[in-house]
Amino acid sequence: MKHRSLKPVQERPRPRVDVPLLNRICERAFFQALMMIDVANRHPAERGEPKVGGHASACASSQHILGAIHLVMREPADYIACKPHVSPMDHAYNFLLHN
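Residues numbered from 1 in each chain as written. Predicted model: local features only at pLDDT ≥ 70, side-chain atom pairs only at ≥ 80, totals over all residues. Heavy atoms only, no water.

Once that is clear, we can look at the overall build of the protein chain. Looking only at helices and strands, the protein chain has 3 helices and 0 strands in total. Split into buried and exposed, the 99 residues of the protein chain put 24% on the buried side. Considering only contacts within the protein chain whose residues lie at least 6 apart along the sequence, 70% involve residues at least 24 apart. For the protein chain, the computed accessible surface area is about 8200 Å², with 59% contributed by carbon and sulfur atoms. (Helix = DSSP H or I, 4+ residues; strand = E, 2+ residues; numbered from the N terminus. Buried < 20%, exposed > 50% of the residue type's maximum accessible area, 1.4 Å probe, protein only. Contact = heavy atoms within 4.5 Å. Areas by Shrake-Rupley, 256 points an atom, 1.4 Å probe, with all protein chains shown as cover.)

Structure below.
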């Protein structure tokens, strides 16, 4: 069996990362995610379709990972799939990025 030679993947240049700025954006997104969860769970009359649920602990544990993906690595044409427990965090980042 003949093996095809694989072309090397071109690496993107690493972006400069301002860590304190990323942390501030992550904290703001986390606050917005917590407010979404609070409204969804405490104000049943204001629930929409689909219901925004999520868990605060899941959002807390994923805020920096999703922040790095959304703010540093993601290209405009990329899609991100998240589990429902973390979706408020994803929605918060999309809101902050005007997506």
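The next thing to look at is the environment of Asn 23. With respect to the helices and strands, the residue Asn 23 is situated in helix H1 (residues 19-42). The partly exposed category is assigned to Asn 23, whose relative accessible area is 30%. When the C-alpha positions of Asn 23 and His 64 are compared, they lie 7.7 Å apart, and in sequence the two are 41 residues distant. Within the structure, the side chain of Asn 23 is placed 3.4 Å from the side chain of His 64, a separation counted as a polar contact. (Polar contact = N/O pair within 3.5 Å; in protein donor to acceptor, adjacent residues only side chain to side chain.)

What follows deals with the side chain of Ser 87. Following the sequence through the fold, Ser 87 ends up in helix H3 (residues 87-96). By relative accessible area, Ser 87 is classed as buried at 18%. A distance of 3.0 Å separates a polar atom in the side chain of Ser 87 from the backbone oxygen of Pro 84.

Listed in full, the 12 residues of the largest apolar core are Cys 26, Ala 29, Phe 30, Ala 33, Ile 37, Ala 58, Cys 59, Leu 66, Val 86, Met 89, Ala 92 and Tyr 93. Of all the elements in the fold, those that place two or more residues in this core are H1, helix H2 (56-73) and H3. With 5 residues, the top contributor of residues to this core is H1. When sequence neighbours within four positions are dropped, the list of residues in contact with Met 89 reads Cys 26, Ala 29, Phe 30, Ala 33, Cys 59, Ser 62, Gln 63 and Leu 66. (Core = buried A, V, L, I, M, F, W, Y, C linked by side-chain atoms within 4.5 Å.)

Here H2 is 18 residues long and its end C-alpha atoms lie 24 Å apart, about the 26 Å a rise of 1.5 Å per residue gives. Of all the bends in H2, the greatest, near 50 degrees, is centred on Gln 63. Of all the residues in H2, the buried ones are Ala 58, Cys 59, Ser 62, Gln 63, Leu 66, Gly 67 and His 70. Against the buried residues of H2 lie H1 and H3. (Expected span 1.5 Å × (residues − 1). Bend = angle between axes of the 7 residues up to and from the residue.)

Turning next to the state of the cysteines. What the rule picks out here adds up to 0 disulfides. As a non-bridged cysteine, Cys 59 has Cys 82 as the owner of its nearest cysteine sulfur, 9.6 Å distant. The exposure class of Cys 59 is buried, given its relative accessible area of 0%. (Disulfide = S-S within 2.5 Å.)

This part takes up the side chain of Asp 90. Here Asp 90 shows up in helix H3. Buried within the structure, Asp 90 lacks any salt-bridge partner; Arg 74 is the closest side chain of opposite charge, at an N-O distance of 6.8 Å. Sequence-distant contacts of Asp 90, that is, excluding residues within four places in its chain, are made with Leu 66, His 70, Ile 80 and Cys 82. (Lys, Arg positive; Asp, Glu negative; His and termini not counted. Salt bridge = Lys/Arg side-chain N within 4 Å of Asp/Glu carboxyl O.)

Taken by themselves, the reported measurements are silent on function.
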